[in-house]
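Overview (structure and organization)
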Amino acid sequence: MSSRFTLSSIGQRMGDKISFSQIGGSANKMPYRANTEGNRQTTSPETPQAPNVYSPPPRPPPPSEKSAGDPTTAANISQTPVTSAPPIDSGYHSPDESSTTFLEKAANPIDETLRPLSTPSPESLAQLPRPKLGGEVKTGSLYPFGWGSADSTSAISPPRKPKPEQKLRLPKSLRSVANLGDLEIEGSLLGGDINIVDAKKRERKEGLCTACSKIDFEQFDSRNNITLGQEGGDGYLSQKLIFLDRILRKKRKGTCNFCTLIFDAIAEHDPFEHPAVKDHLPRELVGSNFRQWAESLDFRELIPIHKPPYPFGRSRDNIELEQKLQDGEVVVGGFTSGEQVDSNDIAQGASLAAAAGLSVGIWNETDTQRLQIMATVGTIIPTVTSMVANLDAKLPVAVSIIIHNANDKDAGLLNIDVWGYGNAPRAPLSRLSTFNLRIASSYQNINGGLQYGKLLQQDIDIEGDCKRWLDNCFKHHRQYCDEPSWWNELQPPSGPHFRLIDVYTMRIVQIDMANLRKQDRPKYAALSYVWGAAGSRALNLHVRNLESLSSQLEGQIPPIAMTIRDAIGVTGRLGLQYLWVDSLCIIQKDDRNEDDPDARASQIEQMDSIFGHAAVTLVAADGLDAEAGLCGISTRPVRNQIARGIRPNVNVLLAVRYNDTYGKWDTRAWTLQEKLLSKRMLIFNGGYVSYHCRHGVLREDMPACHAGNGPPQIPWVSSLPDDSGVSKTKRTWDGAPVLLRSPFFTEYANLLAQYTCRDMTDSRDSLSAVMGLLKVLEKMVNTNRPRGTLSDPGTHAQAPFGHTLYGLPEKFLDLALLWQPPAAKGVHLTKRVHDHLPSWSWTAWEVGKDPDYHPDAKKEYHTRPGVRFEEPFWVATNDDLALKKVIARNTGNKKPAEERFKPLVMWYRSSRPSLSQRTLRGSQNTAGLGDGPAVEVPLALVPVNGHGLGLAFDPADEEELRRFKEDAIKLRTNSTSNSPLDLGPPSVPAGIPIDDRHLVCETQVARFRLRETKPRQETLWKPNTKGGHDLDVDTELIIVEAEILDSSGTVVGSMIPTDQRKGVSSGHDFILLSESQYWGNEDRVDVSGLPLFNVMFVEWDTRGEFASRLGVGKVQKSAWWAAKPRTKVVILK
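Please read all numbers here as calculations on a predicted model, not as lab measurements.

Parameters and conventions
One numbering rule holds for all chains: residues counted from 1, following each sequence as written. The model is predicted, so local features are restricted to residues of pLDDT at least 70 and side-chain atom pairs to those at 80 or more, both for listing and for counting; the totals for chains, interfaces and linings are taken over all residues. For the side-chain quantities, the full set of heavy atoms in the structure was used; hydrogens and water were omitted. Think of it this way: DSSP has to see at least two bridges between two strands before they count as a pair. Secondary structure is summarised from DSSP: a helix means a run of H or I of at least four residues, a strand means a run of E of at least two, and numbering begins at the N terminus for each. Between N-to-C directions, angles span 0 to 180 degrees; the directions come from axes that are lines fitted to C-alpha atoms, helices contributing only their stretch in contact. In what follows, a contact means two residues having at least one pair of non-hydrogen atoms within 4.5 Å. Within this document, salt bridges are pairs made up of a side-chain nitrogen of Lys or Arg and a carboxyl oxygen of Asp or Glu, the two lying within 4 Å of each other. Here the term buried applies to any residue with accessible area under 20% of the maximum for its type, exposed to any over 50%, and partly exposed to those in between, with areas from a 1.4 Å probe on protein chains only. The predictor reports its confidence for every residue as pLDDT, a score running from 0 up to 100. To estimate how far a helix should reach, multiply one less than its number of residues by 1.5 Å. By convention, a stacked pair of Phe, Tyr or Trp rings (six-membered ring in the case of Trp) has centres within 6.5 Å and planes under 30 degrees apart, an edge-to-face pair has planes over 60 apart, and any other such pair is tilted. By the criterion adopted, a ring carries a charge over it if an Arg CZ or a Lys NZ lies within 6 Å of its centre and within 35 degrees of its normal. Roughly parallel covers angles under 35 degrees, roughly antiparallel covers those over 145, roughly perpendicular covers 65 to 115, and oblique covers all other angles. Under the scheme applied here, ten amino acids are nonpolar (Ala, Val, Leu, Ile, Met, Phe, Trp, Tyr, Cys and Pro), four are charged (Asp, Glu, Lys and Arg), and all others, including Gly, are polar. By disulfide we mean two sulfur atoms from cysteines, separated by a distance within 2.5 Å.

1. Things to note about the sheet that holds strand β22 (residues 650–654)
- Read across the open sheet, the 6 strands follow the order β8-β11-β12-β13-β22-β21; overall the sheet is antiparallel. Only two strands of the sheet have a single partner each, and these edge strands are β8 (237–243) and β21 (643–647). Averaged over all pairs of adjacent strands, the angle between their axes in this sheet comes to 25 degrees, without regard to strand direction.
- As paired strands, β21 and β22 are joined by 4 bridges and run antiparallel to one another. Following the sheet pairing, alanine 643 is matched in β22 by leucine 653.
- Sheet contacts for helix α3 (residues 257–268): β11 (398–404), β12 (413–420), β13 (430–439), β21 and β22; angle to β21, the most-contacted strand, approximately 155 degrees.

2. What to know about the pattern of salt bridges
- Applying the stated criterion across every chain, the model contains 53 salt bridges.
- Lysine 278 serves as the salt-bridge partner of glutamate 273, at 3.4 Å between the closest nitrogen and oxygen.
- Residue classification places lysine 278 among the partly exposed positions, given a relative accessible area of 43%.
- Taking the shortest distance from any N to any O, the salt bridge between lysine 679 and aspartate 482 comes out at 3.4 Å. Here aspartate 482 lies in helix α9 (residues 479–482) and lysine 679 lies in the loop between α16 (669–676) and β23 (681–685), a separation of 197 residues in the sequence.
- A residue is classified by how much of its surface remains accessible, and lysine 679, at 4% relative accessible area, is buried.

3. With respect to the confidence of the model for the protein
- Mean pLDDT over the protein stands at 75; residues scoring 70 or higher make up 70%.
- No element of the protein has a lower mean pLDDT than strand β3 (residues 141–143), at 27, and none a higher one than strand β19 (residues 578–580), at 98.
- Counted against residues more than four places away or in other chains, residues 334–363, with its pLDDT under 50, gives 95 contacts.

4. Overview of the sheet that holds β19
- Overall, mixed pairing links the 8 strands, which are arranged β17-β16-β19-β18-β20-β23-β24-β25 in an open sheet. Looking along the sheet, the strands with just one partner apiece sit at the ends: β17 (507–510) and β25 (696–699). Sheet twist, expressed as the mean angle between neighbouring strand axes with direction ignored, is 30 degrees.
- Note that β23 and strand β24 (residues 688–693) share 5 bridges and pair antiparallel. When the bridges of β24 are listed, phenylalanine 684 appears paired with valine 689.

5. Details of α3
- A rise of 1.5 Å per residue sets the reference length of α3, with its 12 residues, at 16 Å; its end C-alpha atoms lie 17 Å apart and thus fit the reference within 8%.
- The buried fraction of α3 is high, at 11 of 12 residues.

6. Observations regarding the packing of aromatic side chains
- The full count for this structure, using the stated rule, is 28 aromatic pairs.
- Taking the centre distance of 6.0 Å and the plane angle of 35 degrees together, the rings of phenylalanine 1008 and tryptophan 1120 count as tilted. Residue phenylalanine 1008 is found in strand β38 (residues 999–1010), and its partner tryptophan 1120 is found in helix α24 (residues 1117–1122); the two are separated by 112 residues along the sequence.
- A relative accessible area of 0% places tryptophan 1120 in the buried class.
- Aromatic ring contacts, followed pair by pair, group Phe263, Phe272, Phe290, Trp293, Tyr310 and Phe312 into a single cluster.
- Positioned above the aromatic ring of phenylalanine 474, the side-chain terminus of lysine 523 is 3.7 Å from the ring centre.
- Above the face of the tryptophan 845 ring, lysine 831 is positioned so that its terminal group lies 5.9 Å from the ring centre.

7. Here's the deal with helix α12 (residues 562–573)
- A rise of 1.5 Å per residue sets the reference length of α12, with its 12 residues, at 16 Å; its end C-alpha atoms lie 17 Å apart and thus fit the reference within 8%.
- Every buried residue of α12 is listed here: Thr563, Ile564, Asp566, Ala567, Ile568, Val570 and Thr571.
- Just downstream of α12 lies glycine 575, where phi reads positive at about 85 degrees.

8. A closer look at the packing of helix α18 (residues 743–755) against helix α19 (residues 771–779)
- Between α18 and α19, the least distance of the axes is 11 Å, while the angle of their chain directions is 170 degrees. Considering the angle they form, α18 stands roughly antiparallel to α19. Judged by residue contacts, Phe744, Glu747, Tyr748 and Leu751 of α18 engage Leu773, Leu774, Leu777 and Glu778 from α19.
- Partitioned by chemical class, the residues of the contact of α18 with α19 number 6 nonpolar, no polar and 2 charged.

9. Considerations on the state of the cysteines
- What the rule picks out here adds up to 0 disulfides.
- Cysteine 259 supplies the cysteine sulfur nearest to cysteine 256, a cysteine that is in no disulfide, at a spacing of 3.6 Å.

10. Quick word on the pairing of β23
- Where burial is concerned, most of β23 is hidden: 5 out of the 5 residues are buried.
- Side-chain alternation along β23 places Met681, Ile683 and Asn685 on one buried face and Leu682 and Phe684 on a second face that is also buried.
- Count of turn residues in the β23/β24 antiparallel hairpin: 2 residues, of which glycine 686 carries a positive phi of about 65 degrees.

11. Looking at the environment of glycine 984
- Here glycine 984 lies in the loop between α23 (958–973) and β38.
- The class for glycine 984 is buried, based on a relative accessible area of 19%.
- Residues within four places of glycine 984 in sequence aside, it is in contact with Tyr908 and Arg972.

12. Regarding unusual backbone geometry
- With an omega of -5 degrees, the peptide bond running from isoleucine 557 to proline 558 counts as cis.
- As for its placement among the helices and strands, proline 558 is situated in the loop between α11 (546–549) and α12.
- Cis peptide bonds are those with omega within 30 degrees of zero, and the linkage from glycine 710 to proline 711 qualifies with 5 degrees.
- Within the secondary structure, proline 711 is located in the loop between α17 (704–707) and β26 (716–717).
- Positive phi values are uncommon outside glycine, yet arginine 478 reaches one of about 45 degrees.
- Residue placement: arginine 478 occurs in the loop between α8 (462–477) and α9.
- One non-glycine residue, asparagine 649, lies in the positive phi region at around 65 degrees.
- Checked against the element boundaries, asparagine 649 lands in the loop between β21 and β22.

This is the structure:
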């Protein structure tokens, strides 16, 4: 789905085009004008800039060293694993250290030669040579990407440039050829002349067909001393194109090892699953797969694969080609165009490119060659279909092979693509399947990265693979992986309660890392796993057994859980002496009342340090509980690898299919920070292990960048700009300040979306389980408090978790209070059973799902949408001037987007800890809550951020801070004139028990009626992958909301309930929070200033003292004033 928007001037009259630009937030007195960046009307507007594109890291220089390894066995290999020599490293490169992304995709700049076919820009396409057939097509149009009429919609329309005429030469006998298996395709696939020849009488090598004999496998002989080169010169890549018909015949006869391997690989990456084929299968083939279809063919017939039912389409056009007879050959002429591309293939390519960190428009040699091959295939297939009478207009399938030769830096890699059509009318040429093969080879080191191709053993090779990966990272990646930028502010784990398992002596030891010099601190591994019920039944550390476990772990009752026992063994085999495991290194809760909550809390509060300082984290991803063990260590799963001996001492293997998710482990709340804060990870999943660091991902068979099919990359914590922790502003044409989205808050919102959808056993852990991540995020931008904040640092030390107020960053409190429930069908929020968390914080709510919620039936464990915030957006529109939100994160525009929001309320918090916090810390000073006795700690209300506004400002924005505060005081005092800037905290009646769970403000309260909730669909847009002025759908939101009505029944706003399953009563109070610009579904974008109020829908307790959040919404300002609001001291609980 796409939508058209215009890139025209900003601030033109309403009837003109509205630009893809940012609409300012200040009042614009001109009626029916579009607000734009700066709201300035100008006769020479700034031209919107094209999205910035990612510049890939430089190619690595020639290798400086090569690891020794045994030569690869040259035996003929079937699908049974064969012991191989040591493998080759990935050649990954360090990402840009100046990256400003907090959670960045596994920073391995995945090797450019392995990036999937990305979406080309028109400029890059225009430079590509195209195979041409001189002359004109007499009937219809001959497209390289399929058949279509002259007015077919073009997916890519590059400007045409005249090229030298190229020819397609075919034997005269082609028209009566018995089958395509007798034909070979020769010549350049990259724009040169192409020859189709009869190969029956050609010579072939032993074990190969005549076509595969043309591939130089001997260059990869494991006995050769191959030095990897650099991509870019002549001969680094070579290409081969083979008809699927030939592969099927050679597979059936067993006469070509390589064709057999390709067949097995195609069956693993089934082209029947591609929508072009799957959605249009003949009735007889519905429910079958490629292997079943291929093995059912009767090869006694001349052309069996083209007999009905046929899955790959047929030509529906009568093609008349200009032909010339030359020296016994037919030379076909015609004109080809690169204008028709399968949109699904483009979308997939763009999606995969984005996942790999590849921006649209960035091309590498393999991408370019794939596109050129696609154009060549689009010429050959329809031409052969037209010329070969026996095909009966059936469209054959072609398999292209790009070989990375021995002088290429990715030597031994083979990129395979299957090109064909489906049975849809005028179906375009599609890439039906794509995968990589690799020559088996030993490990080689290139610029700190490992390249290899390995034949797997039945068991995971800890010493030969995992230890090699880890040692290589220690030696070559050094500070980049060991001390990432965010890590500098992270203190080592310390204190009397920090403990480790000594895996050599099998006992618990106490080590205070902070008192050791950096070089003397021992390296240790950490374990991340799923507890489950079995974790509580296994051996745990308690006060009662601390002395015993400090002497010996073996022989205890109950015994050590299997996952922990496996991790202890792996740690020792990695050459590390120490392991951290929560159940044995933190004193656990005890049902015998023998507990040490202070000790436990001290370790929970330094989880960021524990995982951030671990040398490596071991992950039991597919274990359901603590007794599952590490798959491949204590258990021996079936490990299938497709590999064959192609030539003497040359084995070729297909990348093993790693799981595309991390199972139950990646759905648990505690494991998110363990994943994101780790410097290195060994992930045991599905019977295989993978290694993750900031340089890339390594698998057992080959580097992940060569495999191209997983495992999923881990997002790493990266640094933020120094000024990200404060709000930034800009001035509009009339001098009004406009707030801009902070990178800090963007990453905070991303973090909550990932975390709040996760499961936990004890809902009281909702804040503790993410505390480490919040601390790291805050430390990156909070080394110094900005101007206008608290002068007494001790007051903050009493608040839970530093400058985070129950999970909401104090510096962005006004924005953080506007969190919303997930905007997806079948997902909702429910209040946690424990009432110690405040209703205004997302920590008090958990994401649930309706019984009929099945987002992906294939996945047993899946992520659900989490708590969300309104994303900053640029404003776009159609000619009807209706609003289209273009999400700022997807435009490539590096300018910070506007918040479309303005603070209005002054907030105060209590420095008095709650009873639950004092209990957690083991305090003996209990205090009553609710109607209980008075507390001993005196009440003191402290303004947030030192000035009361829920935003912290840069010292340079002191004037903006003053203006915002003046408006807040006017609201609080109901005055239109300036009042003193320091009114002090609101007056709270004596005897009301307030603690740090409460937020206090003096604001306006108004009463409105509500209609029952109903879902509303809202579309978020992104620029089209093809460039130009089109928009594509980014996200479809399903927002459950209730209309807000005034006293006359007129709709004046909307409210999003926090618990969307509950009904709403006819009348409730709303408290005013801040100003806002858009609803999100405006019929017109020409909105003047900030015409809305952000409000919170609340419910009072029986005494009318405390208000609980029920939802948030927006109300028209005029309706708010008409409702005659009253000013009231509000205590949110």
